[in-house]
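Now for the letters of each chain:
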Amino acid sequence: MIEFKNVSKVYPNGTKGLNNINLTMQKGEFIVVVGLSGAGKSTLLRSVNRLHEVSGGEIIVNGKSITKAKGRNLYEIRRDIGMIFQNFNLVKRSSVLRNVLSGRVGYHSTLRMMLGMFPQHDKELALKALDRVNILEKAYSRADELSGGQQQRVSIARALAQEAKIILADEPVASLDPLTTKQVMDDLKRINEELGITTVVNLHFIDLARQYATRIIGLRAGEVVFDGSVDEATDEKFAEIYGRPIQDEELMGVAK
Ligand SMILES: Nc1ncnc2c1ncn2[C@@H]1O[C@H](COP(=O)(O)OP(=O)(O)OP(=O)(O)O)[C@@H](O)[C@H]1O
Ligand SMILES: [Mg+2]
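Residues numbered from 1 in each chain as written. Chains lettered and ligands numbered in written order. Predicted model: local features only at pLDDT ≥ 70, side-chain atom pairs only at ≥ 80, totals over all residues.

The next point concerns the nonpolar core. Soluble globular proteins tend to pack their nonpolar side chains together in the buried interior. Core analysis: the largest hydrophobic core is formed by 69 residues, its most contacted members being V32, V100, A157, L168 and A209. Considering every element that reaches this core, the biggest residue donor is helix α6 (residues 148-161), with six residues. Taken together, domain 1 (1-29 + 54-62) and domain 2 (91-165) each give at least three residues to this core, which thus spans both. Residue contacts for V32: discarding those within four places in its chain leaves V201, L203, A209, Y212, A213 and I216. (Core = buried A, V, L, I, M, F, W, Y, C linked by C-beta atoms within 7 Å. Buried ≥ 20, exposed ≤ 12 C-beta atoms within 10 Å, placed from the backbone. Helix = DSSP H or I, 4+ residues; strand = E, 2+ residues; numbered from the N terminus. Domains from an automatic or database assignment. Contact = placed C-beta atoms within 7 Å.)

Structural data, given as structure tokens:
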């Protein structure tokens, strides 16, 4: 589903974000990427849909090179990729439904979208997506009237309405409390299992990573230093990924 071939990223100031990454992510996997702050987790995720341009190598998404794609081809590959951010990235003053509908813009002409003319089919998809994350009753509320966890579920619904085949989530629960964190992670996991959406999540809590992942990838200084199952990701392996023993603040202690 996603293949990294010798991918490197050097920022304009000379910082190495990624150093020769080779990875294959299969359809339906729930991958959690871990590593210290600055290890390259966000750079890795953002390079998949070219929010960041890589400096070397190639990324293949669903059989097509996104690194080489231009114009319409790039647009079509991106349509299959839903992004979830720590700060939700919603239009705060718009309704929840409108925010979810914005996941449909990649399917229509610019003019139509400027006029806000979404077909009935889109509206049905959006409502179904809201139902899937259990906030259908909020459809007509303003986005900023919702709690953080609810707002994050709106952004998940937006990715569902987009009919994304891949969800990339960069620290999706970093601004949430433990209970809400569990709800949002449960939603992501359920969607991954029910719809087979390939999911890649950056997290910094080790216990959360172990609880939800089917595969854990550890980054250190822009390189993959661990790639294995949850069972293989022992405390010792985490200490290797981090370059030091696990600390208390890396455990969230979420109730199961
Ligand atoms: N726009 C930028 N310009 C220059 N350097 C950058 C830029 N963005 C990130 N970096 C650097 O690239 C490296 C990887 O950063 P990245 O944001 O991918 O790390 P991260 O693992 O997501 O960290 P965190 O856990 O803090 O979010 C770091 O050394 C960082 O300072
Ligand atoms: Mg980051």
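In terms of domain boundaries, the protein breaks down into domain 1 (1-29 + 54-62) and domain 2 (91-165). One C-alpha centre belongs to domain 1, the other to domain 2, and the line joining them spans 30 Å.

Within the chain, E171 stands out as a residue other than glycine whose phi angle is a positive 50 degrees. When you line up the elements, E171 lands in the loop between β7 (166-170) and α7 (178-195). Looking at E171, the number of C-beta atoms within 10 Å reads 18, which means it is partly exposed. Phi is positive for A221, which is not a glycine, with a value near 45 degrees. Relative to the elements of secondary structure, A221 occurs in the loop between β9 (215-220) and β10 (223-228). A221 gets classed as partly exposed once you count the C-beta atoms within 10 Å, which come to 15.

Moving on, we get to helix α1 (residues 41-48). Because each turn of an α-helix spans 3.6 residues, side chains separated by three or four positions in sequence point in the same direction. Of all eight residues in α1, six are buried; the element is thus mostly enclosed. Where α1 is concerned, the buried positions are K41, T43, L44, L45, S47 and V48.

We now examine the site of ligand 1. Taken together, 13 residues are adjacent to ligand 1, and Y11, S37, K41, S42 and T43 come closest. Ranked by residue count, the leading element in the shell around ligand 1 is α1, at three residues. Grouping the amino acids of the shell around ligand 1 by side-chain chemistry returns two nonpolar, 10 polar and one charged. (Near = placed C-beta within 6 Å. Nonpolar A, V, L, I, M, F, W, Y, C, P; charged D, E, K, R; others polar.)

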